[in-house]
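# What the coordinates show
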Protein chains: 2
Amino acid sequence: MTRGLTIFPVAGMPEVRPKDDLVGLVIAALAKAKERLADGDVVVIAQKVVSKSEGRIVKLADVEPSERAKTMAAEGNKDPRQLEVVLRETKAILRWERGVLICETHHGFVCANAGVDRSNAGQPDAVVLLPVDPDASAGRIRDEIARRASARVAVVVTDTFGRAWREGHTNVAIGIAGLPALKRYMGQTDPEGYELRVTEIAVADEVAGAAELVMGKLDRCPVAIVRGVAFAEPSETARDHVRPAARDLFR
Amino acid sequence: MTRGLTIFPVAGMPEVRPKDDLVGLVIAALAKAKERLADGDVVVIAQKVVSKSEGRIVKLADVEPSERAKTMAAEGNKDPRQLEVVLRETKAILRWERGVLICETHHGFVCANAGVDRSNAGQPDAVVLLPVDPDASAGRIRDEIARRASARVAVVVTDTFGRAWREGHTNVAIGIAGLPALKRYMGQTDPEGYELRVTEIAVADEVAGAAELVMGKLDRCPVAIVRGVAFAEPSETARDHVRPAARDLFR
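In short, a report on the structure. From a predicted model like this one, the values you see are computed outputs, not experimental measurements.

Quick notes on the rules
- Note on numbering: residues in each chain are counted from 1, in written sequence order.
- Following the order in which they are written, the chains are lettered starting with A and the ligands numbered starting with 1.
- Residues qualify for local features only when their pLDDT is at least 70, as the model is predicted, and side-chain atom pairs are given and counted only at 80 or more; totals for whole chains, interfaces and linings, by contrast, use all residues.
- Calculated side-chain values reflect all of the structure's heavy atoms, with hydrogen atoms and water omitted.
- Should any heavy atoms of two residues lie within 4.5 Å, those residues are considered in contact.
- Buried area: the accessible surface (1.4 Å probe) lost by two parts on joining, summed over both.
- When a carboxyl oxygen of Asp or Glu lies within 4 Å of a side-chain nitrogen of Lys or Arg, that pair is called a salt bridge.
- In protein, a polar contact means a hydrogen-donor-capable atom and an acceptor-capable atom, both N or O and within 3.5 Å, with residues adjacent in sequence counting only if both atoms are side-chain atoms; elsewhere, any N or O pair within 3.5 Å suffices.
- Segments assigned H or I by DSSP are reported as helices when at least four residues long, segments assigned E as strands when at least two residues long, and all are numbered from the N terminus.
- Ten residues, namely Ala, Val, Leu, Ile, Met, Phe, Trp, Tyr, Cys and Pro, are considered nonpolar, four, namely Asp, Glu, Lys and Arg, are considered charged, and the remaining ones, Gly among them, are considered polar.
- For two strands to be treated as a pair, DSSP must find no fewer than two bridges joining them.
- Only C-alpha atoms enter the line fits that serve as axes; for helices the fit covers just the stretch in contact. Angles between N-to-C directions range over 0 to 180 degrees.
- Throughout this description, buried means an accessible area under 20% of the type-specific maximum (1.4 Å probe, protein chains only), exposed means over 50%, and partly exposed covers the range between.
- A residue counts toward the fit only if its pLDDT is at least 70 in both copies, and the copies are then superposed by least squares on the C-alpha atoms of those residues.
- An angle below 35 degrees is treated as roughly parallel, one above 145 as roughly antiparallel, one from 65 to 115 as roughly perpendicular, and anything else as oblique.
- Left-handed is the label given to a crossing in which the near helix is rotated counterclockwise from the far helix by less than a right angle, and right-handed is the label when the rotation is clockwise.

Counting from both sides, the interface comprises 83 residues of chain B and, opposite them, 83 residues of chain A. Carbon and sulfur atoms supply 53% of the area that chain B and chain A bury against each other, a total of about 7,600 Å² over both sides. Note that B:Arg163 and A:Asp205 form a salt bridge whose closest N and O atoms lie 2.7 Å from each other. Along the contact surface separating chain B from chain A lie 36 residue pairs in polar contact (both at pLDDT 80 or more). Taken together, the elements giving at least two residues each to the side of chain B that touches chain A come down to strand E1 (5–9), strand E4 (90–97), strand E5 (100–105), strand E8 (154–161), strand E9 (170–177), strand E11 (200–201) and helix H6 (203–215) of chain B. Considering each element in turn, the side of chain B that touches chain A owes the most residues, 9 residues, to H6(B). Of the residues that constitute the side of chain B that touches chain A, the class distribution is 37 nonpolar, 18 polar and 28 charged. Taken together, the 3 bridges between strand E1 (residues 5–9) of chain A and E1(B) define a ladder with antiparallel strand orientation. Bridging from a neighbouring strand, A:Ile7 pairs with B:Leu5 of E1(B).

All names here are of chain B. Taken together, the 3 strands give an open sheet; going across it, the order is E4-E5-E6, and neighbouring strands pair in antiparallel fashion. Unpaired on one side and paired on the other, E4 and strand E6 (110–112) mark the two borders of the sheet. Taken over all neighbouring pairs, the strand axes of this sheet differ in orientation by 25° on average, direction set aside. One ladder, built from 3 bridges, connects E5 with E6; its direction is antiparallel. Residue pairing across strands places Glu104 opposite Val110, the latter belonging to E6. Here helix H3 (residues 67–76) sits on the sheet and contacts E4 and E5; the angle it forms with E4, its principal contact strand, is near 25°.

All names here are of chain B. With respect to the helices and strands, Met186 occurs in the loop between strand E10 (183–184) and E11. On the accessibility criterion, Met186 (47% relative accessible area) is partly exposed. Once residues within four sequence positions are removed from consideration, Met186 is found in contact with Thr199 and Glu200.

A word on the relation of the copies chain B and chain A. In screw terms, the move from chain B to chain A is a rotation of 180° and a rise of 0.0 Å along the axis, fitting with an RMSD of 0.0 Å. Expressed as a symmetry operation, the mapping of one chain copy onto the other fits a two-fold axis. Comparing contact sets, 100% of the residues at the interface of chain B also lie at the interface in chain A, consistent with an isologous, same-surface contact.

Turning our eyes to something else, we now look at the packing of H3(B) against helix H4 (residues 80–88) of chain B. Residues and elements named next belong to chain B. Relative to each other, H3 and H4 sit at 120°, their axes nearing to 8 Å. Accordingly, the angle class assigned to the pair H3 and H4 is oblique. Both H3 and H4 take part in a crossing whose hand is right-handed. Across the interface between the two elements, Arg68, Ala69, Lys70, Met72 and Ala73 of H3 pack against Pro80, Leu83, Glu84 and Leu87 of H4. Grouping the constituent residues of the contact of H3 with H4 by class yields 6 nonpolar, no polar and 3 charged.

What follows is the structure in structure tokens.
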């Protein structure tokens, strides 16, 4: 097998709670599974556990919904407190139709409900928010792994987003450290001399999706290792995946 | 390593030409690399070589552009003959702005230029079209592999499509045989009893993206094997990935 990839789940992670030492939990789970991180590995971590370890959980009982949230909640048959949290995480609303709310988050990501989610919060009547700065989260995790596990890895923080035109969600990169977001073929030509049609491949998103195949939603496996991805520095951020609104034809 | 995935490129494929025996070329390349297909493998094949083997190449010298193609070509600074081929492959135009043409193909896929591409055609002044029925192509390849390599594999035919809101293209499934398109969590709940927010994961698209990580655009590696994907029958088609226009908020 030449230039292949291997992807394996980090089994045995416990429920992650606020202020938990996430990197410590990952290292312990790997050790228990007799796995060891290697230089060049990409550690893929679901946003939910990153957010929980960072305390990005809001108890709905503590939320006072605005009039706007109350009105929209009545229209869409939603919890006004949860909708209030969504609106606070939202920079712009792209669509609000048939109870579906597609938002641009303060980071620039376009996704349903600004990434705010009630499932798998680890406690009742609470919602989990996206990290404040998922690229910074990825960077911190990467640095800690370098320090505590002596491995020079890349880190991708992921969430599962829907897309236009195609059914199903895919796992995408919302935080990146040590990996480029895009692989660029700009200006390169095929053997006949024609410029390539596709000039940028979203490699970090493809890594996120690949890892999802072993992660699963119900069996508490929020971390996977992707080994063998060929990438060169420099590192980019997940913001490099965000298409500037002025160049987006679908808003 | 438990429940892991391995992904490896099928190295050494020659340039594929019309009427070539694509499955024979794949089997020969695998044999030369001392690899062997196993039951449960997913064979991921770039659309370009499937289309070429099926003769889906149009020489631009043979194309008489319509008045509409001529007008649009002048507006967008494009080759009117190539645009004519694109329009023939198009069911509906979603956007035509700044020289970018986003189409719904006759299959229902939404992508730039209806998937018509001049690069890597293998001959000058020619364009490659998407297969007429990529699911049927995948099914034929799957059946032939079963017969000639005695392996019960799944097959995914892929192309790299752009998306709304995010930069870069990702590899997606446009033809599927022996694999579901979507993994469904509908009605399932988390430990607190909340229904999962994300209820459908586009697994075939994630498999396509994962395979792209080893395929590359310039080094002629149009085939990869993804080993270890856990999936149950029944098989679906790539049409299951297509969101019906009436339910799409971004047209």
